[in-house]
Amino acid sequence: MVLVNGAEESGVVGQTIAEFLNQRSAPIENIVVEQNGAIVHRADFDTTKISENDKLELISFVGGG
């Protein structure tokens, strides 16, 4: 089991952060990912894998005015 923003997700263990975000059509350039309390640098999205029992927080920045 993996928690994403507090909700259980299945089928994501073994994916990289980039694969996970691309699958959801998430705007990678406007998103911050925290994995188990640590910020994952955007340069590491392609190599950082999601493991069983991970807790991910996805924070998206939206401009406005």
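Residues numbered from 1 in each chain as written. Predicted model: local features only at pLDDT ≥ 70, side-chain atom pairs only at ≥ 80, totals over all residues. Heavy atoms only, no water.

Looking at an unreviewed UniProt entry, one finds the chain named Sulfur carrier protein ThiS and attributed to Lentilactobacillus sunkii.

Asks: Please explain the sheet that holds strand S1 (residues 2-4) as it appears in this structure.
Replies: Sheets are built from strands that pair by backbone hydrogen bonding, the pairs being arranged parallel or antiparallel. Within the open sheet, the five strands sit side by side as S2-S1-S5-S3-S4. Their pairing is mixed. Both edges of this open sheet fall to strand S2 (7-9) and strand S4 (38-40), since each of them pairs with a single strand only. With direction set aside, neighbouring strand axes in the sheet form an average angle of 35°. Of the pairings in the sheet, the one linking S1 to strand S5 (residues 55-60) comprises two bridges and is parallel in character. Each bridged residue has a counterpart across the sheet, and for Val-4 the counterpart in S5 is Leu-56. (Pairing = 2+ DSSP bridges. Helix = DSSP H or I, 4+ residues; strand = E, 2+ residues; numbered from the N terminus. Axes fitted to C-alpha atoms, helices over the stretch in contact; angles between N-to-C directions.)

Asks: Explain the side chain of Asp-54 to me, please; I cannot follow it from the model alone.
Replies: Considering the arrangement of structural elements, one finds Asp-54 in the loop between S4 and S5. From its side chain, Asp-54 meets the backbone nitrogen of Ser-51 in a polar contact 2.8 Å long. For Asp-54, the contacting residues outside a window of four places in its chain are Met-1, Val-2, Leu-3, Gln-35, Asn-36 and Lys-49. (Polar contact = N/O pair within 3.5 Å; in protein donor to acceptor, adjacent residues only side chain to side chain. Contact = heavy atoms within 4.5 Å.)

Asks: What is the right way to read the environment of Ser-10 from this model?
Replies: By the element assignment, Ser-10 lies in the loop between S2 and helix H1 (17-23). For Ser-10, a relative accessible area of 68% puts it in the exposed group. Linking Ser-10 and Ala-38, residues 28 residues apart in sequence, is a C-alpha distance of 21 Å. (Buried < 20%, exposed > 50% of the residue type's maximum accessible area, 1.4 Å probe, protein only.)

Asks: Hey, could you run me through unusual backbone geometry in this one?
Replies: Positive phi, close to 50°, is recorded for Asn-5, a residue that is not glycine. As for its placement among the helices and strands, Asn-5 is situated in the loop between S1 and S2.

Asks: Looking at this structure, how should I read the nonpolar core?
Replies: General note: in soluble globular proteins, nonpolar side chains tend to be found buried as a group. Ranked by internal contacts, the top residues of the largest apolar core, which has 14 residues, are Ile-17, Phe-20, Leu-21, Val-33, Phe-45, Ile-50 and Leu-56. Those elements that provide at least two residues to this core are S1, H1 and strand S3 (31-35). Take this core: its biggest share by element is four residues, from H1. Non-local contacts of Ile-17, meaning those with residues more than four positions away in its chain, are made with Val-33, Phe-45, Thr-48, Ile-50 and Leu-56. (Core = buried A, V, L, I, M, F, W, Y, C linked by side-chain atoms within 4.5 Å.)

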